[in-house]
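# Coordinate analysis (summary)
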Amino acid sequence: MVWRMVVQRTSIVLAVAFSLAGLLAADVGAMPTQGGHRQSSTVRAASLVSAARAQIGVTRFYDGAYAKLSYPNGDVAQERGVCTDVVIRAYRKAFGYDLQKAVHQDMASHFSAYPKFWGSKAVDANIDHRRVPNLQAFFSRRHARLEVSDAPDAYLPGDLVTQMVSGRLPHIVIVSDRRSADGRRPLIIHNIGAGAKEEDGLFGHPITGHYRYLP
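Residues numbered from 1 in each chain as written. Predicted model: local features only at pLDDT ≥ 70, side-chain atom pairs only at ≥ 80, totals over all residues. Heavy atoms only, no water.

## Notes on helix α4 (residues 99-109)
Every buried residue belonging to α4 is among Leu99, Gln100, Ala102, Val103, His104, Asp106 and Met107, and all of these are buried. Packing partners of the buried residues in α4 comprise α3 (83-95) and α5 (132-141). Structurally, the start of α4 carries an N-cap: the backbone nitrogen of Gln100 is 3.1 Å from a side-chain oxygen of Asp98. (Buried < 20%, exposed > 50% of the residue type's maximum accessible area, 1.4 Å probe, protein only. Helix = DSSP H or I, 4+ residues; strand = E, 2+ residues; numbered from the N terminus. Contact = heavy atoms within 4.5 Å. Polar contact = N/O pair within 3.5 Å; in protein donor to acceptor, adjacent residues only side chain to side chain.)

See the structure below:
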């Protein structure tokens, strides 16, 4: 009798153990792997780079004039714009993500968290998202800021890099998935004066910020 009870209890224990093992195996199989996360980010980054590159030959002029924009999804004429417009258009095309709306809403709720270089006393959906320091504040508030580095390989495709041109002009670029002729540096996609271009300029001006934002 005692032996039979021992066998029964052992069978029950084994059955429970196998059931738990099966559940754990099922859970593990359902969870995305770390590699899967990297692949997803890589695909999204590639989409952002592709959306930025698609502006080359379309946006042919640099024009920073203030313009009255529709809201949301407001934009100046496609053939013109500034460095921030490359970024704004890339996020819209790649993800359907409207930085005009996102920045405007965040500034409306947290105005004191944004710079006042222009003497701004209220939000302005026409221009706020087109100013580099505002984008820097927005990406930082989204925990997208990374360390600035002198190592070219620290900058991945789809990353955003801010620079200071001539010591006083803030600039922003999108890191490309292509490399310089010597293979040492990633190219960048930006508009610094002659429309959207893809060129070797990552370290052409002092870097002031590094961001990775894939909403």
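## Quick notes on the sheet that holds strand β6 (residues 186-191)
Strand-to-strand pairing in sheets goes through backbone hydrogen bonds, with the strands running parallel or antiparallel. Taken in spatial order, the six strands make up an open sheet running β3-β8-β4-β5-β6-β7, and their pairing is antiparallel. Of all the strands in the sheet, just β3 (145-146) and β7 (196-199) have a single pairing partner and so form its edges. This element, α3, spans β4 (160-165), β5 (169-179) and β6 of the sheet and lies at about 50 degrees to β5. Against the sheet, α5 touches β3, β4, β5 and β8 (207-211), its axis set at about 65 degrees to β5. (Pairing = 2+ DSSP bridges. Axes fitted to C-alpha atoms, helices over the stretch in contact; angles between N-to-C directions.)

## Examining the layout of surface pockets
There is about 470 Å³ of room inside the largest pocket. Taken together, 19 residues line the largest pocket, and the ones lying closest to its centre are Tyr62, Cys83, Arg130, Val132 and Pro170. Looking at the lining of the largest pocket, the elements that each hand over two or more residues are α3, α5 and β5. The element best represented in the lining of the largest pocket is β5, accounting for three residues. If you add up the space inside the second largest pocket, you get close to 200 Å³. Along the walls of the second largest pocket sit twelve residues, with Ser41, Thr42, Ala45, Leu156 and Pro157 positioned nearest its centre. With five residues, helix α2 (residues 34-53) is the single largest residue contributor to the lining of the second largest pocket. Of the residues that constitute the lining of the second largest pocket, the class distribution is five nonpolar, three polar and four charged. (1 Å grid on protein atoms, 1.4 Å probe; cavity = no way out; pocket = protein on both sides within 12 Å on 5 of 7 lines; lining within 4 Å. Points joined across faces, edges and corners; volume = space filled by probe spheres on them. Nonpolar A, V, L, I, M, F, W, Y, C, P; charged D, E, K, R; others polar.)

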